[in-house]
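Geometric and topological summary
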Amino acid sequence: MRNILGINFKYYVGFVLMIGLVLVFIEPLSFILLEIGSKLNYDTTAFKSGYTIISFSIVVLYFYFIVKGYIHNKRTTFLVFLTCAIYVLYRFVFTDYISFYSIDLINSFLFYSDLTLVITGFHFLCLVRVFTKNRKRLDERFETERLDTLTSEKHSFLSKTNLMLRKK
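On a predicted model such as this, the values are computed, not experimentally measured, just so you know.

Details of a nonpolar patch on the surface
A contiguous nonpolar patch, built from Met-18, Leu-21, Val-24, Phe-25, Leu-29, Phe-31, Ile-32, Leu-33 and Ile-36 and spanning about 840 Å² of accessible area, is present on the exposed surface. Only α2 (9–24) and α3 (26–38) provide two or more residues apiece to the nonpolar patch. A per-element tally of the nonpolar patch places α3 first, with five residues. The residue Ile-36 is located in helix α3 in this model.

What to know about the pattern of salt bridges
Going through the model one piece at a time under the given rule, you end up with two salt bridges. One salt bridge in this structure joins Lys-39 and Glu-35, with 3.5 Å as the shortest N-O distance. With a shortest N-O distance of 2.7 Å, Asp-114 and Arg-91 are connected by a salt bridge. Here Asp-114, found in the loop between α5 (74–93) and α6 (115–167), pairs with Arg-91, found in helix α5; they are 23 residues apart in sequence, far enough to count as distant. For the pair shown, Asp-114 and Arg-91 are each scored as buried.

Reading guide: rules and limits
As a convention, each chain's residues are numbered from 1 in the sequence order in which they are written. Where totals are concerned, whole chains, interfaces and linings use all residues; where local detail is concerned, this predicted model gives features only for residues with pLDDT of at least 70, and gives and counts side-chain atom pairs only at 80 or more. As a rule here, side-chain values cover all heavy atoms of the structure and leave hydrogens and water aside. Exposure above 30% relative accessible area and the absence of a salt bridge qualify a residue for a patch, where like charges join within 9 Å and nonpolar side chains (Val, Leu, Ile, Met, Phe, Trp, Tyr) within 5 Å. Here the accessible surface of atoms and residues is derived via Shrake-Rupley with a 1.4 Å probe, and residues count as covered only by protein chains that are part of the display. The salt bridge definition used is simple: a Lys or Arg side-chain nitrogen within 4 Å of an Asp or Glu carboxyl oxygen. By definition, any uninterrupted DSSP run of H or I lasting at least four residues is a helix, any uninterrupted run of E lasting at least two residues is a strand, and each is numbered from the N terminus. Per-residue accessibility, obtained with a 1.4 Å probe over protein chains only, is compared with the maximum for each type, and a residue is labelled buried under 20%, exposed over 50%, and partly exposed between these values.

Rendered as structure tokens:
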């Protein structure tokens, strides 16, 4: 565990600094996001079709990544978790700054932007899959090396015993 923290220390520090910057500039960022969101027409068939295609494609892609045990770039993982953290801040903590458009078809609790949480969840599952796969490989390699060591020690012991018996 200490090795994981040591290797990724700069990403942890960067993550905390970026969250700090988001908190400092929360109002201007809210204004920018609201400006972008106001340009979209959420009620058109084109938007709903495009959103469905993008969502379905992301889900299928992540299922593929999970099955194959795809190893994501550290920067990609950093970006996914940073985006999720910023979204959670805007959605659940600083609710006065920005409002989200809900998906009418299901209920008012599900928003179009909740795709961010879905992506983060799939990304986390993919990381867990890769971690367990690598852990299993390391355990198998350790067991093989242990058996090789035991076999060579046994062979060495038998060789020494045979030499001692021959000398007598």
